[in-house]
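Below, each chain spelled out in residue letters.
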Amino acid sequence: MATVRLLSDDEVAANPAAKAVFDDIRATRKSDFVNNFWRGLANDPVLLKRTWEEVKAVMVGEGALDPLTRELIYIAVSSANSCQYCVHSHTAAARAKGMNDAQYGELLAIIGLAGKTNHLVTAMQIPADPEFLVTG
């Protein structure tokens, strides 16, 4: 259960700052759907705007990584952080950006392997090889 109210479109429309962000979300995503994360953040229009601007800059803006790769990274980090909501949200976004079942299976294998090897190296306290360290 959410710890904040998930604002309806009517409630958001009553706040011009929140409405402007929702309008931008819809325009950017070319969809009328605004998901619950944004509806919860709409309780604080300043936080809503700041978060949307950052998400838009990192996940939508031009960059060296293609949109699907960005979503795959988001899924992996969300899995590591145990964020069920973001795993679902970004898996749906990755599928919409072309992720197929084989890619998803490979992603899950990498997430599982990284988790295992991260725990092993942490438990053994293995120092990083000097060749892996950036120097200057």
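As a reminder, the structure under discussion sits directly above these lines.
Now for a quick tour of the structure.

Calculation rules
- Here the residue index of a chain counts from 1 through its sequence in written order.
- At least 70 in pLDDT is required for a residue's local features to be given in this predicted model, at least 80 for side-chain atom pairs to be given and counted, and no such filter applies to totals for whole chains, interfaces and linings, which use all residues.
- Where side-chain values are given, they derive from all heavy atoms of the structure, hydrogens and water being excluded.
- Secondary structure elements are taken from DSSP: a helix is a run of H or I of four residues or more, a strand is a run of E of two residues or more, and numbering for both begins at the N terminus.
- The quantity called the radius of gyration is restricted to C-alpha atoms. Its globule counterpart is 2.2 Å times the number of residues to the power 0.38.
- Relative accessibility under 20% of the residue-type maximum defines a buried residue, over 50% an exposed one, and the middle range a partly exposed one, all with a 1.4 Å probe and only protein chains included.
- Whether two residues touch is decided by their heavy atoms; if any such pair falls within 4.5 Å, the residues are in contact.
- Any carboxyl oxygen of Asp or Glu that lies within 4 Å of a side-chain nitrogen of Lys or Arg is treated as forming a salt bridge with it.
- Identification of polar contacts relies on pairs of N or O atoms within 3.5 Å, with a donor-acceptor requirement for protein atoms, meaning one able to donate a hydrogen and the other able to accept it, and with residues adjacent in sequence counted only if both atoms are side-chain atoms.
- In this scheme Phe, Tyr and Trp rings, the latter by its six-membered ring, pair at centre separations within 6.5 Å, and the angle between planes marks the pair as stacked below 30 degrees, edge-to-face above 60, and tilted otherwise.

Helices and strands together make up the secondary structure of the chain, namely 7 helices and 0 strands. Counting from the amino terminus, helix and strand elements in the chain follow one another as α-α-α-α-α-α-α. Scaling as 2.2 N^0.38, a compact globule of 136 residues should have a C-alpha radius of gyration of about 14 Å, whereas the chain reaches 19 Å, well beyond that. Counting only C-alpha atoms and orienting by the principal axes, one finds that the chain spans roughly 55 × 35 × 30 Å. Expressed as a percentage of its 136 residues, the buried residues of the chain come to 24%. Within the chain, counting contacts between residues at least 6 apart in sequence, those at least 24 apart form 47% of the total.

Another point: the pattern of salt bridges. Within the structure shown, the criterion is met by 8 salt bridges. A salt bridge links Arg95 to Asp101, with the nearest nitrogen and oxygen atoms 3.0 Å apart. Among the charged side chains, a salt-bridge network with shared partners connects Asp9, Arg26 and Arg39.

All right, on to the environment of Ile73 then. For Ile73, the position within the fold is in helix α5 (residues 67-80). Spatially, the C-alpha atom of Ile73 lies 26 Å from that of Thr135, the residues being 62 residues apart in sequence.

For the rest of this paragraph, the subject is the side chain of Asn35. Counting through the fold element by element, Asn35 comes out in the loop between α2 (16-29) and α3 (36-41). Polar contacts involving the side chain of Asn35 include one to the side chain of Arg29, which spans 3.0 Å. Non-local contacts of Asn35, meaning those with residues more than four positions away in its chain, are made with Arg29, Tyr85 and Ser89.

Once that is clear, we can look at the packing of aromatic side chains. Working definition: an aromatic ring pair is given by the centre-to-centre distance plus the angle between the planes. If you walk through the whole model with that rule in mind, you get 2 aromatic pairs. Note on Phe37 and Trp38: the rings are 4.8 Å apart at their centroids and 70 degrees apart in plane angle, and the pair reads as edge-to-face. Its relative accessible area of 37% is what places Phe37 among the partly exposed residues. With a relative accessible area of 2%, Trp38 lands in the buried category. With a centroid separation of 5.4 Å and an interplanar angle of 90 degrees, the aromatic rings of Trp38 and Trp52 are classed as edge-to-face. One end of the pair, Trp38, is in helix α3; the other, Trp52, is in helix α4 (residues 45-60), and 14 residues separate them in sequence. Here Trp38 and Trp52 have matching classes, each one buried. Put simply, the rings of Phe37, Trp38 and Trp52 touch in pairs and so form one group of aromatic residues.

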